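One letter stands for each residue in the lines below.
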Amino acid sequence: MAGDHVKTIRSIAEKYKKDPARLMDVLLDIKKELGYFSEDTIGAIAEAMNMPRVKVRDTLSFYAFFPREKTGEHEVLISKSVVEWMKGGEELVKAFEKELGVSCGETTKDDKVSLGFAECIGMSDQAPSAIVDGVPVGNLTPGDAKKVIEAAKKGNVSDLPGAKVAANLKKEGPVIFAPMDNGAALDAAIKMSPDDVIAEVEKSGLRGRGGAGFPTGRKWKFCRMNKSDVRYVVCNADEGEPGTFKDRVILSEKPDLLFEGMTVAGYALDAKEGILYLRGEYAYMKPALDKVLEERRKNNLLGAGIKGKKGFDFDIRIQLGAGAYVCGEESALLESAEGKRGAPRERPPFPVEKGYMDKPTSVNNVETLCAAARVMEKGADWFSAIGTKDSAGTKLISVSGDCKEPGVYEIDYGTTVADFLKLCGAEKTKAVQIGGPSGRLIAPKDFKGTISFEQFPTGGSLIVFDESRDILEYMRQFMDFFTEESCGWCAPCRTGTSLLLVEFEKVLDGRGTQADLDNLKKLGELVKTMSRCGLGQTAANPILTSMESFPELYKAIIKPDEYIGRFEFDKAVKAGEEMAGRKSELEEAHS
Ligand code: SF4
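Since we're looking at a predicted model, the values are computed, not measured. (Residues numbered from 1 in each chain as written. Predicted model: local features only at pLDDT ≥ 70, side-chain atom pairs only at ≥ 80, totals over all residues. Heavy atoms only, no water.)

For the protein chain, the helix and strand inventory stands at 25 helices and 14 strands. In terms of its C-alpha atoms, the protein chain occupies a principal-axis envelope of roughly 90 × 65 × 45 Å. Taking all 591 residues of the protein chain together, the buried fraction comes to 57%. Considering only contacts in the protein chain between residues 6 or more positions apart, those separated by 24 or more positions represent 71%. Of the roughly 25,100 Å² of accessible surface on the protein chain, 51% is carried by carbon and sulfur atoms. Within the protein chain, the 93 negative side-chain charges are centred at a point lying 3 Å from the centre of the 83 positive side-chain charges. (Helix = DSSP H or I, 4+ residues; strand = E, 2+ residues; numbered from the N terminus. Buried < 20%, exposed > 50% of the residue type's maximum accessible area, 1.4 Å probe, protein only. Contact = heavy atoms within 4.5 Å. Areas by Shrake-Rupley, 256 points an atom, 1.4 Å probe, with all protein chains shown as cover. Lys, Arg positive; Asp, Glu negative; His and termini not counted. Charge placed at Lys NZ, Arg CZ, Asp CG, Glu CD.)

A few words now on the site of the ligand. The local shell around the ligand holds 13 residues, among which C487, W489, C490, C493 and C533 are the closest. Grouping the amino acids of the shell around the ligand by side-chain chemistry returns 8 nonpolar, 4 polar and 1 charged. (Near = heavy atom within 4 Å. Nonpolar A, V, L, I, M, F, W, Y, C, P; charged D, E, K, R; others polar.)

Here we take up the packing of helix α12 (residues 255–269) against helix α15 (residues 366–378). The description of two helices packed together rests on the angle between their axes and the distance between the axes. Between α12 and α15, the shortest axis-to-axis distance is 7 Å and the interhelical angle comes to 75°. Taken as axis vectors, α12 and α15 run roughly perpendicular relative to one another. Residues L257, L258, E260, G261, M262, V264 and A265 of α12 pack against V366, L369, C370, A373, R374 and M376 of α15. Each residue belonging to the contact of α12 with α15 can be placed in one class, and the counts come to 10 nonpolar, 1 polar and 2 charged. (Axes fitted to C-alpha atoms, helices over the stretch in contact; angles between N-to-C directions. Parallel < 35°, antiparallel > 145°, perpendicular 65-115°, else oblique.)

This next bit is on the nonpolar core. Among the nonpolar cores identified, the biggest contains 112 residues, and I45, W220 and L258 are the most heavily contacted of them. For this core, the element with the highest residue contribution is α12, accounting for 9 residues. Once residues within four sequence positions are removed from consideration, L258 is found in contact with C235, L251, L276, V366, L369 and C370. The next biggest cluster of nonpolar side chains, apart from the first, holds 30 residues, and it includes V83, F504, L517 and Y554. (Core = buried A, V, L, I, M, F, W, Y, C linked by side-chain atoms within 4.5 Å.)

Of the residues making up helix α10 (residues 216–225), those classed as buried are T216, G217, K219, W220 and C223. Along the axis of α10, the buried residues cluster in a sector spanning 160°; they form a single face. On its buried face, α10 is in contact with α9 (194–204), α12, α14 (330–337), β9 (361–365) and α15. (Arc of directions from axis to C-beta.)

Under the definition given, this model contains 14 aromatic pairs. On the numbers, 5.0 Å between centres and 55° between planes, the contact of Y267 with F312 is tilted. In this pair, Y267 sits in helix α12 while F312 sits in the loop between α13 (286–298) and β8 (315–320), placing the two residues 45 residues apart along the sequence. F312 carries the same exposure label as Y267, and that label is buried. Site record: aromatic cluster; members linked through ring pairs are F37, F62, Y63 and F66. Taking NZ or CZ as reference, R207 lies 4.1 Å from the ring centre of F453, over its face. (Phe/Tyr/Trp six-rings, centres within 6.5 Å; stacked < 30°, edge-to-face > 60°. Lys NZ or Arg CZ within 6 Å of the ring centre and 35° of its normal.)

Moving on, we get to the sheet that holds strand β6 (residues 232–237). On the basis of which strands lie adjacent, the open sheet formed by 4 strands has the order β8-β7-β6-β9 and parallel pairing. Strand pairing shows two members of the sheet lacking a second neighbour, β8 and β9, which therefore form its edges. Neighbour to neighbour, the strand axes of the sheet diverge by 20° on average, direction disregarded. Contacting β6, β7 (273–278) and β9, helix α11 (residues 246–253) runs over the sheet at an angle of about 120° to β6. (Pairing = 2+ DSSP bridges.)

Turning next to the domain arrangement of the protein chain. Put simply, an interface is often sized by how much accessible area is lost when its parts join up. On domain assignment, one finds that the protein chain holds domain 1 (3–60), domain 2 (74–166), domain 3 (170–384), domain 4 (394–469) and domain 5 (472–555). Each of domain 2 and domain 4 was reduced to a C-alpha centroid, and the two centroids are 28 Å apart. On the side of domain 4, 9 residues touch domain 2, which itself brings 6 residues to the contact. Summed over both partners, the interface of domain 2 with domain 4 comes to about 550 Å²; 68% of that surface belongs to carbon and sulfur atoms. (Domains from an automatic or database assignment. Buried area = accessible area lost by both parts, 1.4 Å probe.)

If you trace the 4 strands from one edge of the open sheet to the other, you get β2-β1-β3-β4, paired in mixed fashion. Edge positions in the sheet fall to β2 (113–119) and β4 (135–137), since each has one partner strand and no second. Between one strand and the next, the sheet's axes are offset by a mean angle of 25°, whatever the strand orientation. Note: strand β3 (residues 130–132) against β4, 3 bridges, orientation antiparallel. When the bridges of β4 are listed, I131 appears paired with P136.

This is the structure:
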C-alpha cells in the first residue's frame, strides 16, 4: 500500500484519538480520501487504531456505504423505494444504465462513474431522486441522466435544479413549526429541578413519535433512576422508513428547536453529552448542523454553565451512519454509534439502564425532542390540550405517492385519514400505507379512522395509492426491502423474510392456492413473534395487512387447486437449456 495512504489513515486515526468507539467516523473519513476499502487498507486501519483486523472488517461489512471494491471517481446512487418506482424510478435507472453503458452495481470501464442503488434517501416528495457524489438531487426524469453525469464530472452537481432540496413544508402546526426564541425552553427548564422537568414532560402526555409511543417523561425518569456518574442523550435521526422525510424538514428548518430539546433532556437527566445520530443519506446536512451547534456554543446554549447555571454542562456531537436501515432501531443505533455493526441488542437491559458505552441513555426521536422543548416553553397543560386523550400534541406526516401536494404536514393527533387525504389533494384513493412498510395498508372503509396511537399510529410516513395502482406489486417491493435490510442475526427474520418473499411471489405469479395464503399467514405470524427486533417483528406486515384490507385482490388471483408446488419443472428446464445453449435430452426425446 502506498506510503501516503498509510500516512492518511494514521492521521485520521489520530484525529479521533484512536478511539474504537469512533471507528464509524474513521471509516467515513477514509472513504472520502480513498474511495473504498481494500484488504491492505483494512490492515492499515487496524494497525493505526490498535484494533484487531477482524473487528474493522466486521464493522465495514455491515454498511452499504463502505465499498470493498474500487469504485468510480463519481457515484450515482438512485433511490430505490416504492414511491420512487411509482414516480418513474425504473425508467430513470434504465436511462442512467444506457447513458453510462453499465448496469446498476457496476462502474464504467474508464473508472469514472459508479452506478448503484440507495434505499429510500428521504426524498419521496421529490421522487424520483438520487444521491450524486453525496448531493441529493430530486425530481429527476430519464432525460436528465446525461446532464447529471456531466455535472458530476465537472464537479458542479450542487448547481443542478433538482439539487435544491425543497422543504415542502405544507402545513405548520402549533408545536413543531410555530416560532420560538432560542433558549426559551431552557429558561423555563432551569427554573425547575430536573425531577420537576421530568414530571412536567410526563404530565404533558408526550409519547415517542417514532411509532411505538412510549411515554417520554417515563423514559427519562427510568434513565435518571439508574445510578451512574455518566448518562447520555441520543437523538435518533436515522429515519429510514421508506416514504419518511419529516426529520429532513425538521433538521433543515428547525435545528435549534431539536438541539434545545436535547439540551433540556441533558438537564433533566444530568447528562453531559448528547449524540445526534444522523443517517448517512443526510450527510449533506452535517456542515449546516455543525454551524448551528457552534452558534449555540457561542450563545451559551451549549457548553459549560449553560444559561449561566453552574454545573449545567452539556454538549452535542453528530454521529453519521452509513446506510443501514436497521440502525433506526435504538439498540442497533447505539451499537453503530459505538463503532460496531448495527446489530440490535438483546433486551433487557434497555438503553435507559445500559445504553451508549453501557451507561444509562435516553434514545429519543427528532420530533419527540422538539415537542419536549415546546412542553418546557409552553407547559404541559397547553400541550395536552392538543390532540386526543392518549395522543397529546401534533404529528408530522410526510406524505407521498398519489396526491397533488406531497410534503410535510403538522396535524393534530386525531385527524381522520379521510380529512388528511383531502388536505394533501389525494383523489380516487384505493389504499393508504400508514407508517411505511412496517406499518399497515388500509382500505377506504378505514379512512374514517384517526391518525393516533389509539387507531393508526405512525412514525410519520403515509403513502397514497390511487385506483390505477397494482397494490400487491408494491407489497412485493416492501417484502424485498425487508429481505435486503434484515441484519441476519436471528434465523426467524433472516430466513423468514426470504421465505415469505418466495411464497408471496408464487401467489402473485398466479400459482397460489388458499393453502398458500394460509401458509403465508402462519409464516408471517411466526416471523412476527420469533424475531429479535422490530424489523423482523413487523416484516410480514405488508402481506398480513394487505390480506386483511384487500382479501378480494387475493381471491382474484389464487387457483382453486388444493396444492400447486413451488418448483416449476418446465421453467427450470428452459433456464438450464438457455444456460447450456442446447436442448435438454428430455425434450429431444419427446420431439
Ligand atoms: Fe436482525 Fe431481523 Fe433479527 Fe432484527 S429481527 S436482529 S433485523 S435478523
